Amino acid sequence: MEGNTSYITYGKNEKEIIKKGIDEIRQVLMGGSVNEKLSLLLALDWFMDPYYKQDSYIADIREELADLLQTVIITSNEDEASEDALNLLVSYEWPPFKILEDNIENVSERLKPYVLEALHPPGPLL
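Residues numbered from 1 in each chain as written. Predicted model: local features only at pLDDT ≥ 70, side-chain atom pairs only at ≥ 80, totals over all residues. Heavy atoms only, no water.

Visitor: Before we move on, can you summarise the side chain of Asp49 with the specific residues and values?
Guide: Residue placement: Asp49 occurs in the loop between helix H3 (34-48) and helix H4 (62-75). Among buried charged residues, Asp49 stands out as having no salt bridge; its nearest opposite-charge side chain is Arg62, 8.3 Å away. (Helix = DSSP H or I, 4+ residues; strand = E, 2+ residues; numbered from the N terminus. Buried < 20%, exposed > 50% of the residue type's maximum accessible area, 1.4 Å probe, protein only. Lys, Arg positive; Asp, Glu negative; His and termini not counted. Salt bridge = Lys/Arg side-chain N within 4 Å of Asp/Glu carboxyl O.)

Okay, here's the thing in structure tokens:
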């Protein structure tokens, strides 16, 4: 097997960060290592997905969290973190995504087509 293979997981630490609120989440997503960011984004999926019934923990910060995810997408130097943030955004939030709209030029070229699709989703099928 070539190269390094790493697996991203999350645990009690990431859950506690999320339960502490948006400031703690922001600190990791804007300043942590790439693995810390990816672990926290994976944990956020568990909290944001209504299926797991954990979304009450983030109900009060939902709008700020959506803004933070958009900020990660436009500022991160790690495409993997930006991609995970975009997946959370499009899976659990609704446009408009004003921060992305206003800063589309800051999105990595690799992710730009996906961000444009998120900003202008197709209409309903008839």
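Structure's up, so let's keep going.
Visitor: Can you tell me about the pattern of salt bridges, naming the residues and giving the values?
Guide: Taken as a whole and judged by the stated rule, the model has seven salt bridges. Taking the shortest distance from any N to any O, the salt bridge between Arg110 and Asp79 comes out at 3.1 Å. A residue pair is termed long-range when its members are at least 10 positions apart, and Arg110 in the loop between helix H6 (98-102) and helix H7 (112-119) and Asp79 in helix H5 (residues 79-92) qualify at 31 residues. The exposure class of Arg110 is partly exposed, given its relative accessible area of 43%. Judged by its relative accessible area of 23%, Asp79 falls in the partly exposed class. Glu83 is paired through a salt bridge with Arg110; the nearest N and O atoms lie 3.0 Å apart. Separated by 27 residues along the polypeptide, Glu83 in helix H5 and Arg110 in the loop between H6 and H7 bring together distant segments of the chain. Residue class for Glu83 comes out partly exposed when judged on its relative accessible area of 31%.

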